[in-house]
Amino acid sequence: MRILPAVIVLALLLGLSGCATSTTPANRFMLPDSQAAPTGGSGAEHVLLVRAPRLAHYLDVDGIVLQLDDISLNAARQHLWAEPLGRQLERGMRARLGERLGDTRVLRDDGGHREPDALFLRLEVDRFQGRHDGLAVASGQWQLLAADGALVAMENFRAETELDDDGYPALVRALGRSWDQVADEIAETIRRHR
């Protein structure tokens, strides 16, 4: 008779451990494509090389970052980027600038290109997050350099987009629209400095 209670206790422990280890699968997100219409050029007369942005340390994580108040940040555990944020931002910026600058080949700067008239774009992103007041914020600084390394232009950027709805899908879409605004500003400055 002592075996029966031991079997029941063992079955209960196994059942409880099964409940304790079941986890909700994470949701993974990609930034949306640009919402700008392609400019359509007659051919690539210029070359722009874009390097992967330098991210603030707290952004270089898997979780989507939310600013909970004026000083508190939280990286989500169940709502994650599908691939590293820096890679998405770089690829997205190349695509956005390619659409806005129809006469420019926009390429990834891998250090191997030696185009004599190329311009180089460097980005530093210090904010790319949702904020407690319902805004998606992207901010930082960008630099445009000539092929010889001379500084052509340097500006800070800050884009804020209101979320259309609650939740992480709405936040990721709003962050994509903020990145569109940054690309608009950069493209306009590149046009002026040619």
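Notes on the structure in this doc start here. Everything numeric in this text was worked out from a predicted model, so none of it was measured.

**Notes on the overall build of the protein**
From N to C terminus, the protein includes 3 helices and 9 strands. Listed by position from the N terminus, the elements making up the protein come as α-β-β-β-β-β-α-β-β-β-β-α. When each of the 194 residues of the protein is scored for burial, the buried share is 39%. When contacts within the protein are restricted to residue pairs at least 6 apart in sequence, long-range pairs at least 24 apart make up 68% of them. Element-wise, carbon and sulfur atoms account for 52% of the exposed surface of the protein, whose accessible area totals about 11,200 Å².

**Overview of the pattern of salt bridges**
Taken as a whole and assessed by the stated rule, the structure comprises 17 salt bridges. With a closest N to O distance of 2.2 Å, R91 and E83 form a salt bridge. Put simply, D180 and R100 hold a salt bridge, and the shortest N to O gap is 3.8 Å. Of this pair, D180 sits in helix α3 (residues 168–192) while R100 sits in helix α2 (residues 85–100), and the two are 80 residues apart along the sequence. Pair check on accessibility: D180 and R100 agree, each one buried.

**Topic: the pairing of strand β2 (residues 46–50)**
Counting buried positions over the 5 residues of β2 gives 4, a clear majority of the element. Bridge count for β2 against strand β6 (residues 104–108) is 5 bridges, and the pairing is parallel. When the sheet's bridge partners are listed, L48 is paired in β6 with V106. Pairing of β2 with strand β7 (residues 119–131), which is carried by 3 bridges, proceeds in the parallel orientation. Counterpart to V50 in the pairing with β7 is L121.

**Some points on the nonpolar core**
L48, M93, L97, L121, F128, W179 and I186 are the most contacted members of the largest nonpolar core, which totals 40 residues. Elements with a minimum of two residues in this core: β2, β4 (63–67), β5 (73–81), α2, β7, β8 (135–145), β9 (151–162) and α3. Considering every element that reaches this core, the biggest residue donor is α3, with 11 residues. Other than its neighbours up to four places away in sequence, L97 contacts L48, V50, V106, L121, A183, I186 and A187. Membership of the second largest hydrophobic core comes to 5 residues, among which are V47, L49, A118 and F120.

**Thoughts on the environment of E99**
Looking at the secondary structure, you find E99 in helix α2. Polar contacts involving the side chain of E99 include one to the side chain of S34, which spans 2.8 Å.

**Structural notes on the packing of aromatic side chains**
For any two aromatic rings, the description comes down to two numbers: the centre-to-centre distance and the angle of the planes. Enumeration over the complete set of coordinates arrives at 3 aromatic pairs. Between the aromatic rings of W81 and F128, the centroid separation amounts to 6.4 Å while the plane-to-plane angle is 45 degrees, which identifies the pairing as tilted. Of the two residues, W81 is situated in strand β5 and F128 in strand β7; the sequence distance between them amounts to 47 residues. Accessibility expressed as a relative area gives 1% for F128, which makes it buried. Their ring planes at 85 degrees and their centres at 5.7 Å tell us that F128 and W179 sit as a pair that is edge-to-face. With F128 in strand β7 and W179 in helix α3, the pair connects residues that are 51 residues apart, well separated along the chain. Since its relative accessible area comes to 0%, W179 is described here as buried.

**Looking at the pairing of β4**
Among the 5 residues that make up β4, 4 are buried, leaving the element largely enclosed by the rest of the structure. Judged from the 4 bridges that link them, β4 and β5 form a sheet pairing that is antiparallel. Looking across to β5, one finds that L66 is bridged to N74. As consecutive antiparallel partners, β4 and β5 are separated by 5 residues. Alignment of β4 against β7, held across 2 bridges, turns out to be parallel. Following the sheet pairing, L66 is matched in β7 by G130.

Rules of the game
Residues numbered from 1 in each chain as written. Predicted model: local features only at pLDDT ≥ 70, side-chain atom pairs only at ≥ 80, totals over all residues. Heavy atoms only, no water. Helix = DSSP H or I, 4+ residues; strand = E, 2+ residues; numbered from the N terminus. Buried < 20%, exposed > 50% of the residue type's maximum accessible area, 1.4 Å probe, protein only. Contact = heavy atoms within 4.5 Å. Areas by Shrake-Rupley, 256 points an atom, 1.4 Å probe, with all protein chains shown as cover. Salt bridge = Lys/Arg side-chain N within 4 Å of Asp/Glu carboxyl O. Pairing = 2+ DSSP bridges. Core = buried A, V, L, I, M, F, W, Y, C linked by side-chain atoms within 4.5 Å. Polar contact = N/O pair within 3.5 Å; in protein donor to acceptor, adjacent residues only side chain to side chain. Phe/Tyr/Trp six-rings, centres within 6.5 Å; stacked < 30°, edge-to-face > 60°.

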